[in-house]
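Examining the three-dimensional arrangement
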Amino acid sequence: MSFFDKIFGGKSEASEQKSFWKKIEDEADLKAAIENSNTHKIGIFKHSTSCFISKTVLRNFEKEVENQDEKVELYYLDLLAHRPLSNKIAEDLGIRHESPQFIVIENGKAVNNASHQDISLSQLL
């Protein structure tokens, strides 16, 4: 991997994805995530794979998840690959689109959301 790939994200990003993420890649995935929020809070991380800031925030968030004991349900949306889903989330949940963005959903409604350096796992716990 080249120096620039390490900084800006190379082809290996998909292979580096942490196992705790559940991917949202279509409307059925999004619907299942929202339905799961009726039994417990869930979090959706919207990530722009071409943005250095988004990648940095994602890595810091993943470190938080790995260093805590409580089990959480986390979803990952590659917003460049699935922009219509990102737009649907913003429209259906009544929140402004941002990237990176972390949205906490409970009982089918957004109860918290943050972007950039304000993103923290504590929002879900």
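Reading guide: rules and limits
Within any chain, residue numbers begin from 1 and follow the written order of that chain's sequence. Side-chain atom pairs in this predicted model are given and counted only at pLDDT of 80 or more, local residue features only at pLDDT of at least 70, and totals for whole chains, interfaces and linings cover all residues. Only hydrogens and water are set aside; all other atoms, that is, all heavy atoms of the structure, feed into the side-chain values. Numbering of helices and strands starts at the N terminus; helices are DSSP runs of H or I of at least 4 residues and strands are runs of E of at least 2. A 1.4 Å probe rolled over the protein chains alone gives each residue an accessible area, and that area as a share of the maximum for its type sets the label: buried under 20%, exposed over 50%, partly exposed in between. For this analysis, residues touch if any pair of their heavy atoms sits within 4.5 Å. Using a 1.4 Å probe, the Shrake-Rupley method yields the accessible areas, and only the shown protein chains count as cover for residues. As used in this record, nonpolar core signifies buried Ala, Val, Leu, Ile, Met, Phe, Trp, Tyr and Cys residues forming a set joined through side-chain atoms within 4.5 Å. Across the chain, each position has a pLDDT score giving the predictor's confidence in that residue, from 0 to 100.

Digging into the overall build of the protein chain
Helix and strand content of the protein chain: four helices and five strands. Within the protein chain, buried positions represent 42% of all 125 residues. Intrachain contacts of the protein chain at a sequence separation of at least 6 include 67% that bridge at least 24 residues. Carbon and sulfur atoms make up 49% of the accessible area of the protein chain, which totals about 7,100 Å².

Some remarks on unusual backbone geometry
Of note, the amide linkage connecting Ser99 to Pro100 takes the cis form, showing an omega dihedral of -5°. Mapped onto the fold, Pro100 is located in the loop between α4 (83-93) and β4 (101-106). Positioned with a positive phi, His116 is a non-glycine residue whose angle comes to about 50°. Looking at the element boundaries, His116 is found in the segment after β5 (109-115).

Here's the deal with the nonpolar core
One broad trend across soluble globular proteins is that nonpolar side chains are buried collectively. One finds Trp21, Phe45, Phe61, Leu74, Phe102, Ile119 and Leu124 to be the most contacted residues of the largest nonpolar core, which totals 15 residues. Contributions of two or more residues to this core are made by α3 (52-66), β3 (73-78) and β4. Examining the composition of this core, we find that four residues originate from one element, α3, more than from any other. Discounting residues that sit within four places of it in the chain, Trp21 has contacts with Phe45, Leu58, Phe61, Glu62, Leu74, Tyr75 and Tyr76. With 13 residues, the next largest nonpolar core counts Ile44, Tyr75, Leu77 and Ile95 among its residues.

Section: the confidence of the model for the protein chain
Scored by pLDDT, the protein chain has a mean of 91; 88% of the residues are at 70 or more. The low-confidence segment residues 11-15 (pLDDT under 50) makes six contacts with residues lying over four places distant or belonging to another chain.

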